[in-house]
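Per-entry structural report
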Amino acid sequence: MRQKVQMKMGTLRKIDSRITRFKVGHADARHKHDEMRLHERIASVEAVLPTLATKEDLAREIGTVRAEMHREVGGLRSEMHREFGKVRQEMHQEFGKVRQEMHQEFGKVRQEMNQGFEEVRQGMHALGTALHRELQALTWRLIGTIVTVGTALVAATHFLSKIGSS
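Residues numbered from 1 in each chain as written. Predicted model: local features only at pLDDT ≥ 70, side-chain atom pairs only at ≥ 80, totals over all residues. Heavy atoms only, no water.

What follows deals with the overall build of the chain. Along the chain, the regular secondary structure elements total 3 helices and 0 strands. Across the 166 residues of the chain, 7% fall into the buried class. Counting every atom, the chain has about 15100 Å² of accessible surface; 63% of that belongs to carbon and sulfur. (Helix = DSSP H or I, 4+ residues; strand = E, 2+ residues; numbered from the N terminus. Buried < 20%, exposed > 50% of the residue type's maximum accessible area, 1.4 Å probe, protein only. Areas by Shrake-Rupley, 256 points an atom, 1.4 Å probe, with all protein chains shown as cover.)

Right under this line is the structure:
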């Protein structure tokens, strides 16, 4: 279609050049009017000509646009991939710092708990030792009391048996 339009344009230009060659003068208003109309028609066809396209031209342009869009989208995708990679790396570093801080804090808490448990163990041990000492002291008091009372009973029994046998 574009070739047909170009051929018609060439024909119109040839006609225009022939008209101007064969004119004897510009006195005839009708010829001048026809010449102006012809120039206007040629100008309007030349103005429309760049907008006319064949299916092949449109397909080529669409393919070009599609290829350009594909390149642009691919570039954007690559850029986004790089940016997401940077964000992932930053997040990994930050999470690493948070994990390290948490590990340190848990270590401090464990240490404090161990100190607290050690104090409780020492307190229990001191309590157990004091209890053992008190039980031992009471046991020896009991033994002392039993020995004293037992001896006093033996002596009283012996005394009563001597009084009763005499």
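Read on for the rest.
On to the pattern of salt bridges, then. Where charged atoms from two side chains of opposite charge approach closely, those side chains can pair. Here the structure, examined in full by the defined rule, presents 4 salt bridges. Of the charged contacts, one joins glutamate 94 and lysine 97 as a salt bridge, the two residues approaching to 3.5 Å between their closest N and O atoms. Highlighted residues: glutamate 94 and lysine 97, both in helix α3 (residues 55-165), separated by 3 residues, approximately one helical turn. Owing to a relative accessible area of 43%, glutamate 94 belongs among the partly exposed residues under this scheme. Given the relative accessible area of 46%, lysine 97 is considered partly exposed. (Salt bridge = Lys/Arg side-chain N within 4 Å of Asp/Glu carboxyl O.)

Take a nonpolar patch on the surface next. Among the surface-exposed residues, Val87, Met91 and Phe95 lie close enough to one another that they form a single nonpolar patch of about 280 Å² accessible area. Structurally, valine 87 is set in helix α3. (Patch = residues over 30% accessible without salt bridge, like charges linked within 9 Å, V, L, I, M, F, W, Y side chains within 5 Å.)

Close reading of the predicted structure is inappropriate where its pLDDT is low. Here the chain shows a mean pLDDT of 80. Residues at 70 or above account for 72%. Of all secondary-structure elements in the chain, the lowest mean pLDDT belongs to helix α1 (residues 2-22), at 50, while α3 reaches the highest, 91. (pLDDT = per-residue confidence, 0-100.)

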